[in-house]
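# Commentary on secondary and tertiary structure
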Amino acid sequence: MHFRVKQQFAGFWVYGFAFVLLVSCSEQKRTWVRNYPKNTAFVYNNQINLQGNFTKDEKKRLLSNLQNYWDDSLKVPKQQQFGLFYKIKSPAVFDSTNIQQSAIYMNSFLNAQGYYYAVLSNRFTIDTVRDQIRASVYMDIDAGKNIAIDEVTYEMTDSTLQQLAREAAPKSLLKKSNPYSKQIISSELDRMVGIYRRNGYFKITREDVYAYVDSNNTKLFALTIDPFEQAKLLSEVAKAKRENPNWDIAIRQRNITDSSRLRKYYIGNLYYYPETKITDVPDSLMRDRSFLEQRNNETVMRYKKGLFNYRPLKEDTYFKKGDLYNEDRYFKTANALGQLAAWQNIDIRPEIRDKDTLDMYMFMTPAVKQSFTIDLEASRNIADIGVTNLLGITTNLSYNNRNVWKNAIQSIATFRTGVELNILNTSNQPDQLLQTFLINIGHTYIFPGIVQPFKRWKALSNLDNRRTLWSVNGGYVDRRNFYRVRNFTTSLGYEWKQGNNSLLYKPINVELYSIDKLDSLDQLIIKNPFLKASFNEGSIVSQSFSFVRTTNGQRNPNKNKFYRLAVEEAGGLFGIIPGLKGNIYRYIKVETEYKQSVKFPKSELAYRAFAGMGYNYGGDTIIGPTLPFYKQFSAGGPNSMRAWRLRQLGLGSSNQSEEDTAANAFRDRFGDMQLEFNVEYRFQLASIGSFKIGSALYADIGNVWNIKRAASTDADTRFSLNSFTRDMAIGIGTGLRFDMSYFLIRFDFAYKLKDPLRAANNGWMSIKDFTWNDIRPNGIRVPNFALQLGIGLPF
């Protein structure tokens, strides 16, 4: 055995040395060429050397964009293979005359970014490698200083437009001393047009405004007849342009001959066509007089079959007759109606009537009203109570009605039933085959708008995609000889959006549980006291709030950020009622999560930070000091701490769950607090059409703890700053990702770099005494690695 470990480590060092040697080789030595031209030079490499006074991020952005401005004949069709190697397939024949064209393209791009004094020079080399004649092209760029914005003015000839521009000037995207670019000017022009179109100017477009850029220095206008003084003045101006270039920008209005473009428009009549077919022509529908009509003041619903009521249409329309035309409310209405499941397509057409009136025609194509799905799932449970090798078979039925009561209310009914079978039944007793039976019935209604008692709550008009959700579920689980669980849950919630923010508030959430503990479970709890918390009887009456925000980088659209905050409070009011005391939990639970990803042409860097904590402030001796286990946190599995199996990490550095379960396989671990950080570098290995094979290198850091110490647990399960570094678990790994565009299958392998329960070396992996398994003091063999199968990315 000792000799085998040495053999393993000899191989480990050999492979490790070979890997380091391979990575240290230049990229050219790890590149091979296929289908290259014979006896003539081909483009093997192109490189841009960029110099200038800019930040690291700005340089990276410019270099990334400049690569796109090589002439097509100078681009290298290079593909990354297996993360380390590169393949060039069918490279282009080298033609030096195309280098100058690339310089023109790159200089135009730099000008658009505000670098008007860039100096570009180029060169190339020819190398012969075996029968390959390789050409390498180099572009050396000194970007010079970026043009800075000096004075910004708004010069509209129409007094109303000028007043709106002056009021909006403090929020201008053009700021004094900020870098100049054509993109930021374009964005400012779009902003100004948006302001006008939000204030009734329906006909104003980008063609009606422009930016006048003045690059002249005012010193040039100084009058002088002295030729020496004039030469000196020109020299000073040229020097100033080089050292501190800045330009004035004026946003101006073009000469408008059509007076209707400067006219404010108001909303007229509203016409709904909720039964529009996908093949219908809107112009024909507007002239059709065979429709039945339902009128409600200024609105008209035109229909033939009577499939919809008027109320949901009004609920998600954000303008009414007499309102000043506002483009934001126009798009808000189109988006809100499009979010309703009852319709698959929305088209709103404004039509000018009379002098300053816009009638709105809304053509809405219904979605399929009803759908039915059925799923069959199979799973293998090897870490359960008692019998440890069970085959699970589950059937899921779902019925979806997208237009209940003709009010565009969505109804989702679900039915789930399943069994767990003892596939290794050695007792020869047929009644031992069925170990678990479960059944669950649920129903959810999604109402358009916010259902509440106040008739005119103006604040609701500022919310997007408003929804009211009501759900009810009931379930029953019979675990043979161990327990019977009955549950009933119901909740009422409100969901809405504001810009990039999604919010969900549930003012009421009720979860009722009843458990019958059978003899086998009582005996198991006696042997494993820590399991008692997992089978506490208690119900929940709570309210919760969650906030989610997603953003894209303004200067780097390939950088995405995700924020999530969730808070749940239970039993604060109902817990003081004498009849409920001791029967419902009282706790507060907070979760926060941050994710960011930065995409590169062939790779991606992503990381995630998560923190969650729940505090049971009830102090009830019957329920216990922790959260209910189904509200607690766990770590391990394909999406969390991947070096550990599902729910197999923690608590802290306590080994009690393993000590108490030496004779059985139930080792699931739940805690009241979790900290976790994940980082992952993803890259592509190969692609065949839309099918892509990728890989990743990643690290996971974190653990799960309790806040309070239960009577049946040891002190190491509690979170403490004194033992924080000791408790931290670290896993590293790699894997394969098979991307079929519409879904992704992931195989991950991870090794425990630091295991808080590993007795040797303070939990750290030992290179000298490397082993795939760790033998705990009680004799349990625990793997130091895990293989995970996942659907989709882990975060």
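Anything mentioned here points back to the structure above.
Residues numbered from 1 in each chain as written. Predicted model: local features only at pLDDT ≥ 70, side-chain atom pairs only at ≥ 80, totals over all residues. Heavy atoms only, no water.

## Things to note about the overall build of the chain
Stated formally: Only runs of H or I of at least four residues qualify as helices and only runs of E of at least two qualify as strands under DSSP, and these elements are numbered from the N terminus. Note on classification: 1.4 Å probe, protein chains only; a residue is buried when its accessible area is under 20% of the maximum for its type, exposed when over 50%, partly exposed between these limits. Contacts: residue pairs with any heavy atoms within 4.5 Å of one another. Shrake-Rupley sampling with a 1.4 Å probe provides the accessible areas, and residues are treated as covered by the protein chains on show and by no other component.
Helix and strand counts for the chain come out as twelve helices and 32 strands. Counting only residues that meet the buried cut, the chain has 41% of its 795 residues in that class. Taking the contacts inside the chain whose residues are at least 6 apart along the sequence as the reference set, 65% of them involve residues at least 24 apart. For the chain, the computed accessible surface area is about 42700 Å², with 55% contributed by carbon and sulfur atoms.

## Some points on helix H2 (residues 56-66)
Applied cut-off: Of all possible arcs, the one meant is that of the directions from the helix axis to the C-beta atoms.
Of all the residues in H2, the buried ones are Glu58, Arg61, Leu62 and Leu66. For H2, the buried positions fall inside an angular range of 125° around the axis, keeping them on one side. H2 presents Lys56 and Asp57 as exposed residues on the side facing more than 90 degrees away from its buried surface. The secondary structure elements touched by the buried residues of H2 are strand E2 (41-51), helix H3 (98-112) and strand E6 (132-142).

## Some thoughts on the environment of Phe547
Mapped onto the fold, Phe547 is located in strand E22 (residues 540-552). Overall, the relative accessible area of 24% leaves Phe547 in the partly exposed class. The sequence separation of Phe547 and Lys497 amounts to 50 residues, and the corresponding C-alpha distance is 9.7 Å. Not counting chain neighbours up to four residues away, the residues in contact with Phe547 comprise Asn501, Ser502, Leu503, Tyr563, Arg564 and Leu565.

## Considering the sheet that holds strand E5 (residues 119-129)
What counts is decided by this rule: Strands pair, by our definition, only if DSSP identifies at least two bridges between them. A fitted line through C-alpha atoms represents every axis, and for helices the fit uses only the stretch in contact; the resulting angles, taken between N-to-C directions, go from 0 to 180 degrees.
Overall, mixed pairing links the three strands, which are arranged E2-E6-E5 in an open sheet. A single partner strand is all that each edge strand has here, and the edge strands are E2 and E5. Taken pair by pair, the neighbouring strands of this sheet meet at an average axis angle of 20°, ignoring direction. Of the pairings in the sheet, the one linking E2 to E6 comprises ten bridges and is parallel in character.

## Description of the packing of aromatic side chains
A ring pair, where both rings are aromatic, is described by two values, the distance of the centres and the angle of the planes. Using the following cut-off: To pair, rings of Phe, Tyr and Trp, with the six-membered ring standing in for Trp, must have centres within 6.5 Å; the planes then decide the type, stacked if under 30 degrees apart, edge-to-face if over 60, and tilted in the middle. Only lysine NZ and arginine CZ atoms are considered, and such an atom sits over a ring when it is within 6 Å of the ring centre and within 35 degrees of the ring normal.
Enumeration according to the criterion identifies 36 aromatic pairs in this entry. Aromatic side chains Phe54 and Tyr115 sit 6.1 Å apart centroid to centroid with 85° between the ring planes, which places their arrangement in the edge-to-face category. In this pair, Phe54 is assigned in the loop between E2 and H2 and Tyr115 in the loop between H3 and E5, connecting sequence segments 61 residues apart. The pair Phe54 / Tyr115 is uniform in exposure class, with both members buried. With a centroid separation of 5.2 Å and an interplanar angle of 20°, the aromatic rings of Tyr751 and Phe770 are classed as stacked. Of this pair, Tyr751 sits in strand E29 (residues 744-754) while Phe770 sits in the loop between E29 and strand E30 (773-775), placing them 19 residues apart in sequence. On the accessibility criterion, Tyr751 (8% relative accessible area) is buried. Of note, Lys304 hangs over the ring of Phe291, and the distance from its end group to the ring centre comes to 5.0 Å.

## Examining the environment of Gln67
Structurally, Gln67 can be placed in the loop between H2 and strand E3 (78-81). Each C-alpha atom, one on Gln67 and one on Ser102, is 10.0 Å from the other, the two residues being 35 residues apart in sequence. In this structure, Gln67 is in contact with Asn46 and Ile48, ignoring residues within four places of it in sequence.

## Some words on the packing of H2 against H3
When two helices pack together, their arrangement is given by the angle between the helix axes and by the axis-to-axis distance. Stated precisely, the cut-off is as follows: Relative orientations are named as follows: roughly parallel for angles under 35 degrees, roughly antiparallel for angles over 145 degrees, roughly perpendicular for angles from 65 to 115 degrees, and oblique for any other angle. Two helices crossing with the near one rotated counterclockwise from the far one by less than a right angle form a left-handed crossing, whereas a clockwise rotation gives a right-handed crossing. The classification used treats Ala, Val, Leu, Ile, Met, Phe, Trp, Tyr, Cys and Pro as nonpolar, Asp, Glu, Lys and Arg as charged, and all other residues, Gly among them, as polar.
Running from amino to carboxyl end, H2 crosses H3 at an angle of 140°, the nearest separation of the two axes being 11 Å. It follows from the interaxial angle that H2 and H3 lie oblique. Relative to H3, H2 is oriented so that their crossing is right-handed. Mapping the contact onto sequence places Leu62, Asn65 and Leu66 in H2 and Met106, Phe109 and Leu110 in H3. Its residues assigned to classes, the contact of H2 with H3 shows five nonpolar, one polar and no charged.

## Side note on the sheet that holds strand E7 (residues 148-155)
Across the sheet, three strands lie side by side as E7-E9-E8; this open sheet has mixed pairing. Each having just a single partner strand, E7 and strand E8 (209-214) make up the two edges of the open sheet. With strand direction ignored, the average angle separating the axes of adjacent strands in the sheet is 20°. Where E8 meets strand E9 (residues 246-253), six bridges bridge the pair, whose relative direction is antiparallel. Residue pairing across strands places Asp214 opposite Asp248, the latter belonging to E9.

## Considering the packing of helix H4 (residues 159-168) against helix H5 (residues 182-197)
Packing of H4 against H5 leaves a shortest axis separation of 10 Å and a crossing angle of 120°. Viewed along their axes, H4 and H5 adopt a mutual orientation that is oblique. Remark: the crossing between H4 and H5 carries right-handed chirality. Counted together, Leu161, Leu164, Ala165 and Ala168 of H4 and Arg191, Met192, Ile195 and Tyr196 of H5 form the full contact between these two elements.

## Thoughts on the pattern of salt bridges
In plain terms, the rule: One speaks of a salt bridge when a side-chain nitrogen belonging to Lys or Arg is within 4 Å of a carboxyl oxygen belonging to Asp or Glu.
Evaluation of the coordinates by the stated rule reveals 41 salt bridges. Notably, a salt bridge pairs Lys75 with Asp72, separated by 3.5 Å at the nearest N-O pair. Using a relative accessible area of 35% as the deciding quantity, one classes Lys75 as partly exposed. Accessibility expressed as a relative area gives 61% for Asp72, which makes it exposed. When the shortest N-O distance is used, the salt bridge between Asp283 and Arg349 registers 2.7 Å. In this pair, Asp283 is assigned in helix H7 (residues 282-287) and Arg349 in strand E13 (residues 343-353), connecting sequence segments 66 residues apart. The partly exposed category is assigned to Asp283, whose relative accessible area is 36%. Residues joined by salt bridges that share partners form a network here, namely Glu604, Arg642, Glu680, Arg682, Asp700, Arg737, Arg746 and Asp748.

## Quick word on H5
As a reminder of what qualifies: In this scheme, a helix's expected span is set at 1.5 Å multiplied by one less than its residue total.
Given a rise of 1.5 Å per residue, 16 residues ought to cover 22 Å, and the 23 Å separating the end C-alpha atoms of H5 matches this to within 8%. Packed against the buried residues of H5 are E7, H4, E8, E9 and helix H9 (327-339).

## Regarding the nonpolar core
In plain terms, the rule: The criterion is simple. A nonpolar core is a set of buried Ala, Val, Leu, Ile, Met, Phe, Trp, Tyr and Cys residues joined through side-chain atoms within 4.5 Å.
By size, the foremost hydrophobic cluster in this structure holds 24 residues, and its most contacted members are Leu270, Tyr272, Tyr325, Trp343, Met360, Met362 and Met364. Going through the elements one at a time, strand E10 (266-273), strand E12 (299-303), H9, E13 and strand E14 (357-366) are the ones with two or more residues in this core. Looking at this core element by element, the count peaks at four residues for E14. Those residues within four positions of Leu270 in sequence are excluded, and the remaining contacts are Glu298, Thr299, Val300, Thr317, Phe319, Lys321, Met360 and Met362.

## Concerning the environment of Ser181
Mapped onto the fold, Ser181 is located in the loop between H4 and H5. On the accessibility criterion, Ser181 (12% relative accessible area) is buried. Here the alpha-carbon distance between Ser181 and Ala148, two residues 33 residues apart in the chain, equals 9.0 Å. Look past the residues within four positions of Ser181 in its chain and what remains in contact with it is Ala112, Gln113 and Gly114.

## Some thoughts on the pairing of E5
By the bridge criterion, eleven bridges tie E5 to E6 in an arrangement that is antiparallel. Note that in E6 the partner of Val119 across the bridge is Asp142. In this antiparallel pair of consecutive strands, E5 and E6, the connection spans two residues, and Arg130 shows a positive phi of 55°.

## Details of unusual backbone geometry
Of note, Asn465 is a non-glycine position whose phi angle comes to about 50°, a positive value. With respect to the helices and strands, the residue Asn465 is situated in strand E19 (residues 464-479). For Asn465, a relative accessible area of 9% translates into the label buried. Of note in this structure, Met641 is not a glycine but carries a positive phi near 50°. Within the secondary structure, Met641 is located in the loop between strand E25 (603-616) and helix H11 (656-659).

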